[in-house]
Amino acid sequence: MPPWWCFGLTDVYEKISELAKRRGFFWPSYEIYGGVAGFYDYGPYGVLLKNRIVEKWRDFFVRRHQDYVVEIESPIIAPGIVFEASGHAEHFTDPVVSCLKCGRKFRADHLVEEALGISVEGLSLEELGRIIRDNNVKCPLDGGELGDVRVFNLLFRTQIGPYEGDIGYIRPELAQGMFVAFKRVLESMRSRLPIGVAQVGRVGRNEISPRQAMVRLREFTIMEMEYFIDPEDLSGNCPFFDEMAGKRLRVQSYTMKVKGEEPQWLTLEEAVESKVIVDKCLGYWMAIGQEFVESLGVPAEQMFFMEKGPHERAHYSAQTFDQVVKVSRWGLIEVAGHSYRGAYDMSRHMAYSKADLTVFKPYKEPVLVKERKVIVDKGVVGRLFRDKAGEVLEALQAASPEDIESYLASGSPTIKVGGFEVPRGAVKIVEVEEKAWGKKVLPNVVEPSFGVDRVVYVTFEYAYREREGRVILAFPRDIAPVQAAVFPLVENDENLIAEARSLYKTLVREGFQVIYDDTGSIGRRYARADEIGVPAAFTIDYQTLEDKTVTMRDRDTWRQVRLPANNVVEALRKFLKGEPLDSLGTPFK
RNA sequence: GCGGCGGUCGUCUAGCCUGGACUAGGACGCCGGCCUGCCAAGCCGGAGGUCCCGGGUUCAAAUCCCGGCCGCCGCACCA
């Protein structure tokens, strides 16, 4: 007979959502008001799990690379200009029309351009709508009537302060926070490249129709790093590359995808050498990304890196890989995006903010640079042009030394520049020799970006086990939301209870997350603990009262050892780091 | 946003087609008590339900009709 919780549940996904709700991991938000699609709550154990996963990500991406990678935190709301600079405002306001017959949505501008062969750049929604009506543009698939042209915007919009003109947006990604703060971070970290700037935080995307539970949300958490590198020193940018060079990755390039080929196993080194991955750093962080997800209990064979094609990539990206994991319900889901963003964002923010976001790169030896300079006799220009003198000087500075030199060479009495005629005697060209100590470069950016909620979901699904009609969440020990359970063998013996409470308190004081439970039979309590994935259970029995030893049970094997109560703290610490149960005590039963 | 299917204690469900005896039943879980010397044992007692929401039809609606919300699947969308 199947266990009770199997009745009516058709697949793993349903069992998982039922378990997640029942035991307090996660569930849809605002349930008592009927729910709102695209929002999820984390419950007590869900928060613990999520926090441990985030902490592990920090360990892999930040702590282990602390001489190069730092973490910051920036606001969720940004003024409009930030997303104008980033290109998001533009890309998020596509004009869209729906077919009234089949309901399919189309980019209104693309449709008109295709159907009528005219450019519609810069036209308003009303104008686009009129063109569609006047020219009788129909649905390209079934010829159906088209509705009104509407703006389609995935940015959550709000206003900052009381004035309607001050538009703010909820960030749809974390990256802009790092770009905008780059100058400060760089300065506080001694102005050297490479530097990684990481962040964990909430973002919002106003999805059209979110579905797939926690896999597609309107508000979610991202763990992301922008790794800023010197565009001219590609080999020196990844000082830790060699440590991972032999790491085997499963990669499917876009050409392979188009041909329908399976992803192939490559070492990191091979992938970079063969240019399947265009950049060393991009590849390095992909390898770290794979190790990270493996450490959450997802086998390497169940994931791969899928390159996105030119038209599938975001507007900022030169190469992007989706790190995808196989799940029961939806096939492959993207847990991370690994993008080579080049200097796109940095140059945009430089243009919009007028701030200098370049990094000064010192040479090993100063270099002698010969340069031709335009020298202007400002006294002559000033007397001649009076109040226009400023404009004239500006125009002369803007002109290239070569242009001016050609005027001088032509023998012309004046130099025409910016609508002015400057006498040749006021200008001369000199060649100067200067020592250059370095140069300014605009950093390129490599970005590994993880969706926390998807990672949590994947971790949860891969931890799900059934054994003898019972459910076990076999989380890797170091991310288990609750680390240990303490039980008295029976629930009606005060001596056992006192001993158990005392051990429980010791573990809590030592910083562990522990549950104490003295209701029901011991078997029922083990089962309850297994169901929330507690890796170790300590039981106080009658022998404890005689010799101060306790039993320690392993969630995954259900085997037990006996060890002195004094050693429990140390044993638990070792166990959570991965030491086998047998090394921690003597076999029991 | 379009189409299909669905929504009943914490969870999984029975009931819906064929409206009335449904004061919405069960199982598991939960709480209290008894029992229990290691894997969801047993006994006794208890709490727990806006039958997704709103409107309509009817003497009478969990049940029929309409609209909405939410979920799943397919299409579209996912910079």
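As the structure is a computational prediction, the values presented were derived from the model and not from experiment.

Undergrad: Tell me about the overall build of chain A, and please be specific about residues and values.
TA: From N to C terminus, chain A includes 21 helices and 29 strands. For 589 residues, the compact-globule estimate of 2.2 N^0.38 gives 25 Å, and chain A exceeds it by more than 25% at 32 Å. A principal-axis box enclosing the C-alpha atoms of chain A has dimensions of 110 × 70 × 55 Å. Relative to its 589 residues, chain A shows a buried fraction of 48%. For chain A, contacts bridging at least 24 residues in sequence account for 66% of all contacts bridging at least 6.

Undergrad: Break down the environment of Gln319 for me, citing the residues and quoting the values.
TA: On the secondary structure map, Gln319 appears in strand β15 (residues 319–327). The spacing of Gln319 and Val203 is 116 residues in sequence and 23 Å in space, taken between C-alpha atoms. When near neighbours in sequence (up to four residues on either side) are disregarded, Gln319 contacts Val276, Ile277, Val278, Leu282, Glu307, Arg313, His338, Ser339 and Tyr340.

Undergrad: Give a description of the sheet that holds strand β13 (residues 264–267) that names residues and reports values.
TA: What the nine strands build is an open sheet, ordered β3-β10-β11-β21-β16-β15-β14-β12-β13; its pairing is mixed. A single partner strand is all that each edge strand has here, and the edge strands are β3 (69–71) and β13. Across this sheet, the average inter-strand angle for adjacent strands is 30°, counted without regard to direction. Pairing between strand β12 (residues 248–252) and β13: four bridges, direction antiparallel. Bridging across to β13, Leu249 finds its partner in Leu266.

Undergrad: So what's going on with the state of the cysteines? Residues and values would help.
TA: According to the stated counting rule, one finds zero disulfides in the structure shown. Cys238 carries a free sulfur, and the closest cysteine sulfur to it, the one in Cys281, is 4.1 Å from it. Accessibility expressed as a relative area gives 4% for Cys238, which makes it buried.

Undergrad: Could you give an account of the packing of helix α18 (residues 494–509) against helix α21 (residues 568–576), naming the residues involved and the relevant values?
TA: Between α18 and α21, whose axes approach to 10 Å, the crossing angle comes to 55°. In terms of axis orientation, α18 runs oblique to α21. Both α18 and α21 take part in a crossing whose hand is right-handed. Residue-level contacts link Leu503, Thr506 and Leu507 of α18 to Val568, Val569 and Leu572 of α21.

Undergrad: I'd love a proper account of a nonpolar patch on the surface, names of residues and values included.
TA: A cluster of nonpolar side chains, contributed by Tyr30, Ile32, Tyr33 and Val36, occupies part of the molecular surface with about 550 Å² of accessible area. Residue placement: Ile32 occurs in the loop between β1 (26–28) and β2 (40–42). Residue Ile32 is classed as exposed on the basis of its relative accessible area of 78%.

Undergrad: Tell me what's going on with the pattern of salt bridges, and back it up with residues and numbers.
TA: All chains considered together, the criterion is met by 31 salt bridges. Among the charged side chains, a salt-bridge network with shared partners connects Glu18, Arg22, Arg23 and Glu531.

Undergrad: Residues and numbers for the pairing of strand β16 (residues 331–342), please.
TA: Across the 12 residues of β16, nine count as buried, placing the element largely inside the fold. Linkage of β15 to β16, two consecutive antiparallel strands, is achieved through a turn of three residues.

Undergrad: Tell me about a negative patch on the surface, and please be specific about residues and values.
TA: Among the surface-exposed residues, Asp242, Glu243, Glu269, Glu270 and Glu273 lie close enough to one another that they form a single negatively charged patch. Among the elements that make up the negative patch, the one with the highest residue count is helix α11 (residues 268–273) (three residues). Position of Glu273 relative to the elements: it lies in helix α11. Here Glu273 falls in the exposed class, since its relative accessible area comes to 62%.

Undergrad: Explain the side chain of Arg477 to me, using residue names and the numbers behind them.
TA: Of note, Arg477 is situated in the loop between β23 (470–473) and β24 (484–488). Of the polar contacts made by the side chain of Arg477, one reaches the backbone oxygen of Glu579; its length is 2.9 Å. Excluding anything up to four places from it in sequence, Arg477 contacts Pro535, Asp554, Phe575, Leu576, Gly578 and Glu579.

Undergrad: An account of the pairing of strand β11 (residues 219–229) is requested, with residue identities and associated values reported.
TA: Burial within β11 is extensive, with 10 of its 11 residues counted as buried. Where strand β10 (residues 195–204) lies against β11, 10 bridges are found, and the strand directions are antiparallel. Counted as the bridge partner of Val203 is Phe220 from β11. Looking at chain direction, β11 and strand β21 (residues 444–451) are connected through six bridges and run antiparallel. Directly across from Ile222, in β21, lies its bridge partner Gly451.

The rules we used
Residues numbered from 1 in each chain as written. Chains lettered and ligands numbered in written order. Predicted model: local features only at pLDDT ≥ 70, side-chain atom pairs only at ≥ 80, totals over all residues. Heavy atoms only, no water. Helix = DSSP H or I, 4+ residues; strand = E, 2+ residues; numbered from the N terminus. Rg over C-alpha atoms; globule rule 2.2 N^0.38 Å. Buried < 20%, exposed > 50% of the residue type's maximum accessible area, 1.4 Å probe, protein only. Contact = heavy atoms within 4.5 Å. Pairing = 2+ DSSP bridges. Axes fitted to C-alpha atoms, helices over the stretch in contact; angles between N-to-C directions. Disulfide = S-S within 2.5 Å. Parallel < 35°, antiparallel > 145°, perpendicular 65-115°, else oblique. Left-handed = near helix turned anticlockwise from the far one by under 90°. Patch = residues over 30% accessible without salt bridge, like charges linked within 9 Å, V, L, I, M, F, W, Y side chains within 5 Å. Areas by Shrake-Rupley, 256 points an atom, 1.4 Å probe, with all protein chains shown as cover. Salt bridge = Lys/Arg side-chain N within 4 Å of Asp/Glu carboxyl O. Lys, Arg positive; Asp, Glu negative; His and termini not counted. Charge placed at Lys NZ, Arg CZ, Asp CG, Glu CD. Polar contact = N/O pair within 3.5 Å; in protein donor to acceptor, adjacent residues only side chain to side chain.

Everything listed is a geometric property; what it means functionally is a separate question.
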